[in-house]
Amino acid sequence: MKVKVLIITALALAMSAVSFGQNSFTVDAGDGGTGNLVLEPCELGGGMPFMEVLKERKSNRDFQPAEIESRLLSGLLWAANGINRPGENKRTAPSSRNSQEIDIYVLTNNGVYLYMPEDQQVKKVRSGDSRKTVIKSDKEMNAPIVLLLVANYDKMKGYETADRDFYAPLDCGYVSQNIYLYCASEHLRTVAMGNIDRVAAAKILGLKNGKVMLAHPVSMD
Ligand SMILES: Cc1cc2nc3c(=O)[nH]c(=O)nc-3n(C[C@H](O)[C@H](O)[C@H](O)COP(=O)(O)O)c2cc1C
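Bear in mind that the values here come from a model prediction, so they are computed numbers and not experimental data. (Residues numbered from 1 in each chain as written. Predicted model: local features only at pLDDT ≥ 70, side-chain atom pairs only at ≥ 80, totals over all residues.)

*Asks:* Before we move on, can you summarise the site of the ligand with the specific residues and values?
*Replies:* Close contacts around the ligand come from Lys58, Ser59, Arg61, Val191, Ala192, Met193, Gly194 and Asn195, and that covers them all. Residue composition of the shell around the ligand, grouped by class: three nonpolar, three polar and two charged. (Near = placed C-beta within 6 Å. Nonpolar A, V, L, I, M, F, W, Y, C, P; charged D, E, K, R; others polar.)

Pasting the structure below:
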């Protein structure tokens, strides 16, 4: 009986892993129907040698629509601004006074998700395809995902306005560079985009105290 239960559980797990890998954004990840997705643990041994990554780092504006593999999405978000020192709750990107104010939203063809580094999860914020509203040019619309980097001013409460406005873009730049470097290392395409509709993006996110900074469309090569 115990063996039977074990086999059924193993089969169920294998099937959910397969469907998660095939279609990272349309399946329910088994979280009670919230639409949140649990990301895969990062493969820390992968990638190119660092000097080669720098050699390959570039902006790419030709995107293709194939879905990003879920292992790559997991690695991308972790590299961008994940927790690399869990004991201290610190991130892959530095931030002024360790504010950790740069939130990453993932826009797909069926929803907007917020990266939650503490849980290595993306939480569904709303349904629908918002990519076209934020990205003004048609070309980048081919990318299956757009990462939106947002400065969350609630996490910068002790700052004078001038300091906040100085440090938030700097902190955002490190996250953007992490995205570029991960993409170079894994043969993904991306470009940092400042030319986006910030007002529309803030509305979509329901942003009350913060600033939409940069977008990064990302696609497979
Ligand atoms: C803050 C920032 C904003 C940018 N905004 C845009 C943009 O709106 N559209 C675009 O096509 N490229 C944008 N870029 C990409 C730059 O044009 C690109 O980095 C530059 O041409 C150098 O090319 P490289 O990244 O391949 O070295 C932006 C880059 C940065 C750093």
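*Asks:* Please give an account of helix 3 (residues 70-81) that cites residues and values.
*Replies:* The terminal C-alpha atoms of helix 3 lie 17 Å apart, and with twelve residues this matches the ideal 16 Å at 1.5 Å per residue to within 8%. Here helix 3 lies mainly inside the structure; eleven of its twelve residues are buried. Taken together, the buried positions of helix 3 are Ser70, Leu72, Leu73, Ser74, Gly75, Leu76, Leu77, Trp78, Ala79, Ala80 and Asn81. (Helix = DSSP H or I, 4+ residues; strand = E, 2+ residues; numbered from the N terminus. Expected span 1.5 Å × (residues − 1). Buried ≥ 20, exposed ≤ 12 C-beta atoms within 10 Å, placed from the backbone.)

*Asks:* Report on the sheet that holds strand 1 (residues 37-38), specifying residues and quantitative values.
*Replies:* Strand order in the open sheet made by the seven strands is 1-6-5-4-7-9-8, with antiparallel pairing throughout. Bordering the open sheet on either side are strand 1 and strand 8 (188-190), each of which pairs with just one other strand. As defined by bridge partners, strand 1 adjoins strand 6 (residues 121-127) across two bridges and the pair is classed as antiparallel. Residue Val38 lies in a different strand from strand 6, and its bridge partner there is Gln121. This element, helix 3, spans strand 4 (102-107), strand 5 (111-116), strand 8 and strand 9 (210-220) of the sheet and lies at about 160° to strand 4. Most of the contacts of helix 6 (residues 198-205) go to strand 9, to which it runs at about 90°, and overall it touches strand 4, strand 5, strand 6, strand 7 (145-152) and strand 9. (Pairing = 2+ DSSP bridges. Contact = placed C-beta atoms within 7 Å. Axes fitted to C-alpha atoms, helices over the stretch in contact; angles between N-to-C directions.)

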